[in-house]
Amino acid sequence: MAYTLSPSPAGPIGTQYCVCKVELSVCGQNLLDRDVTSKSDPFCVLFIDVNGKWTEIDRTETAVNNLNPAFSKKFIVDYHFEEVQKLKFALFDQDKSSMQLYEHDFLGEFSCTLGMIAAQELSDNRVITLSMAGRKLDKKDLFGKSDPFLEFYKPGDDGKWMLVHRTEVIKYTLDPVWKPFTVPLVSLCDGDVEKLIKVMCYDYDSDGGHDFIGEFETSVAKMCEAQDTLPLELECINPKKQKKKKNYKNSGVIIVKSCKITRDYSFLDYILGGCQLMFTVGIDFTASNGNPRDPSSLHYINPMGTNEYLSAIWAVGQIIQDYDSDKMFPALGFGAQLPPDWKVSHEFAINFNPTNPFCSGVEGIVQAYSACLPHIRFYGPTNFSPIVNHVARFAAQATHQEFAAQYFILLIITDGVISDMDETRHAVVQASKLPMSIIIVGVGNADFAAMEFLDGDNRVLRSYTGEEAMRDIVQFVPFREFRSAPKETLAKAVLAELPQQVVQYFKHQNLPPLSSEPV
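For clarity, every value in this text was computed on a predicted model and none was experimentally measured. (Residues numbered from 1 in each chain as written. Predicted model: local features only at pLDDT ≥ 70, side-chain atom pairs only at ≥ 80, totals over all residues. Heavy atoms only, no water.)

**Some thoughts on the sheet that holds strand β9 (residues 148–155)**
At step 1: Pairing in this open sheet of 4 strands is antiparallel, and the strands run β10-β9-β12-β13 from one edge to the other. Across the chains shown, the open sheet's two edge strands, defined by having one partner strand only, are β10 (161–166) and β13 (211–219). Averaged over all pairs of adjacent strands, the angle between their axes in this sheet comes to 30 degrees, without regard to strand direction.
At step 2: Judged from the 5 bridges that link them, β9 and β10 form a sheet pairing that is antiparallel. Its bridge partner lying in β10, Pro 155 is registered against Trp 161. (Pairing = 2+ DSSP bridges. Helix = DSSP H or I, 4+ residues; strand = E, 2+ residues; numbered from the N terminus. Axes fitted to C-alpha atoms, helices over the stretch in contact; angles between N-to-C directions.)

Printed below as a string of structure tokens:
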């Protein structure tokens, strides 16, 4: 059993929600032979204990006709440090194409806790991208050429070679060109670029009895000598043929066309590196919310409780505020008439200080919100684009950063349908090019179906605006689905896509964390 453990780039943010991804590699030795005319065709199934019930998580591929399989499929499991996570690995001999396990012969199982096999955290976030090809490989098929593929191995703790990666099969050729692939450096060589790795070349056979073509040993450091203009050529050797034939040279050449090591930064890498999440809240004060003095209003503040606007502000703000060092957040309103001239504004500071709209922490936002309610008149329409463009102007100033220093988050809380949808779509497309995300929480019982035109596939935006968003930056959540749930549940749902959006932007801009080590 082998594993790697690295910080999760896509988990919900907040210390209490941060998990790690555990990558589990599985192999077997001396398995039961349940087939009469051939060997077993084993596959492995991973189960996890969920409330006392074993639940299937994933399956490996089937190793045809093999009692000592080294499965290339990796199991990826969320590792929660605070929980005892029970795992079960079960092996079956595939007899049919059915997905039902009772249709296959049971070979055996092994149970353990995730903590038993994940005792240390591997923080090396380097990845290696390899582009490989072959030339004049040995012909293994009687009526054709070969169907070559490569397997990469590293030394295991027991001294035996352990499978790390398997390429795809290239059919009917002695000069294959495999697709570039990327693997974690800790998986390939435990992070040691000088450590020897073994590469084996086979001719694929559907019965699992793949014909050995040849092998060689190398290191990541050696492969990194390859350049686009000067590929590295390594002789593929079949030791048996080498012993038998005096004039044997090789069984072909494996070519490393390019080899690059980069860092696969996760969301936590950027946050721990010093990236600040710049949080702005936008609050809908349109007339459809109802008179705030009326108990039926979505803005009504019960002296004994709260309302849906405050619940959303607290749930999201309490998480995000931990990632902004000064905890000073602009709080803006839209759709209200303001004193003294009672003109409608879609971009006003709820503390009535346009030159300093910042509130101190979530508590400051709540205080400013409560204080402004008696002094404004709810009106309309529900225009989003002014407030989106407001935050986008500040995000645009951060596009010149050399490191991942700032990322802007706009939380919009609204009760109804967007009135300026065309302008908002255009604003979202432009914001998708910036270090910015938009979270929309819909309160009340309105029909929010139109929100899918913002929170959805980039092609949806393109069909309406004529231009395609660079990335998906909008997340919409209807509050009504979380009314009876703990506030942590709402926060997790609202913030689920944010880490991925942050990482996607900084990677696209090739921006490293503020404090990062060179590759």
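**Thoughts on unusual backbone geometry**
At step 1: For the bond from Pro 339 to Pro 340, the omega torsion is 5 degrees, close enough to zero to count as cis.
At step 2: Locating Pro 340 in the fold gives a position in the loop between β18 (336–338) and β19 (343–345).
At step 3: Across the junction of Gly 380 and Pro 381, the peptide omega takes the value -5 degrees, indicating a cis bond.
At step 4: Here Pro 381 lies in the loop between β22 (377–378) and α8 (385–397).
At step 5: For Asn 51, which is not a glycine, the phi torsion comes out positive at approximately 55 degrees.
At step 6: Position of Asn 51 among the secondary structure elements: in the loop between β3 (42–50) and β4 (53–59).
At step 7: One non-glycine residue, Asp 190, lies in the positive phi region at around 60 degrees.
At step 8: Note on placement: Asp 190 falls in the loop between α2 (185–189) and β12 (196–203).

**Quick notes on the packing of helix α6 (residues 308–320) against helix α11 (residues 487–494)**
At step 1: Axis separation between α6 and α11 bottoms out at 9 Å; the angle between their running directions is 65 degrees. By the angle class used here, α6 and α11 are roughly perpendicular. Both α6 and α11 take part in a crossing whose hand is right-handed. Seen from α6, the contacting residues are Ser 311, Ala 312, Ala 315, Val 316, Gln 318 and Ile 319; seen from α11, they are Lys 487, Leu 490, Ala 491 and Val 494. (Parallel < 35°, antiparallel > 145°, perpendicular 65-115°, else oblique. Left-handed = near helix turned anticlockwise from the far one by under 90°. Contact = heavy atoms within 4.5 Å.)

**A word on the confidence of the model for the protein chain**
When pLDDT is low, close inspection of the predicted coordinates is not appropriate.
At step 1: On average, residues of the protein chain score 86 in pLDDT, and 90% of them are at 70 or above.
At step 2: Taken together, the stretch residues 1–18 has pLDDT below 50 and engages in 70 contacts with residues farther than four places along the chain or on a different chain.
At step 3: This stretch, residues 457–461, has a pLDDT under 50; its non-local contacts, to residues over four places away or in other chains, come to 15 contacts. (pLDDT = per-residue confidence, 0-100.)

**Comments concerning the sheet that holds strand β7 (residues 105–113)**
At step 1: Taken in spatial order, the 4 strands of this open sheet run β4-β3-β6-β7, and their pairing is antiparallel. Two strands lie at the open edges of the sheet, namely β4 and β7, each paired on one side alone. Put simply, the sheet's adjacent strands are angled 30 degrees from each other on average, direction ignored.
At step 2: Sheet analysis places strand β6 (residues 86–93) next to β7, joined by 8 bridges and oriented antiparallel. Residue pairing across strands places Leu 87 opposite Cys 112, the latter belonging to β7.

**Remarks on the state of the cysteines**
At step 1: In the structure shown here, the tally under the stated rule is 0 disulfides.
At step 2: Between Cys 236, a cysteine without a disulfide, and Cys 201, which holds the nearest cysteine sulfur, the sulfur-to-sulfur distance is 4.8 Å. (Disulfide = S-S within 2.5 Å.)

**Points about the pairing of strand β8 (residues 126–135)**
At step 1: Burial analysis of β8 places 8 of its 10 residues in the buried class, the great majority of the element.
At step 2: Note: β8 against strand β15 (residues 253–263), 10 bridges, orientation antiparallel. The residue of β15 that forms the bridge with Met 132 is Val 256.
At step 3: With 4 bridges joining them, β8 and strand β11 (residues 181–184) adopt antiparallel strand pairing. Note that in β11 the partner of Val 127 across the bridge is Pro 184. (Buried < 20%, exposed > 50% of the residue type's maximum accessible area, 1.4 Å probe, protein only.)

**What to know about the pattern of salt bridges**
At step 1: Tallied over the entire structure, the rule returns 15 salt bridges.
At step 2: The salt bridge partner of Glu 151 is Arg 166, with a shortest N-O separation of 2.7 Å. Of this pair, Glu 151 sits in strand β9 while Arg 166 is found in strand β10, placing the two residues 15 residues apart along the sequence.
At step 3: Residue class for Glu 151 comes out buried when judged on its relative accessible area of 5%.
At step 4: Given the relative accessible area of 27%, Arg 166 is considered partly exposed.
At step 5: A salt bridge links Lys 195 to Asp 190, with the shortest nitrogen-to-oxygen separation between them at 2.8 Å.
At step 6: We classify Lys 195 as partly exposed; its relative accessible area is 24%.
At step 7: A network of salt bridges, in which partner residues are shared, links Glu 61, Glu 151 and Arg 166. (Salt bridge = Lys/Arg side-chain N within 4 Å of Asp/Glu carboxyl O.)

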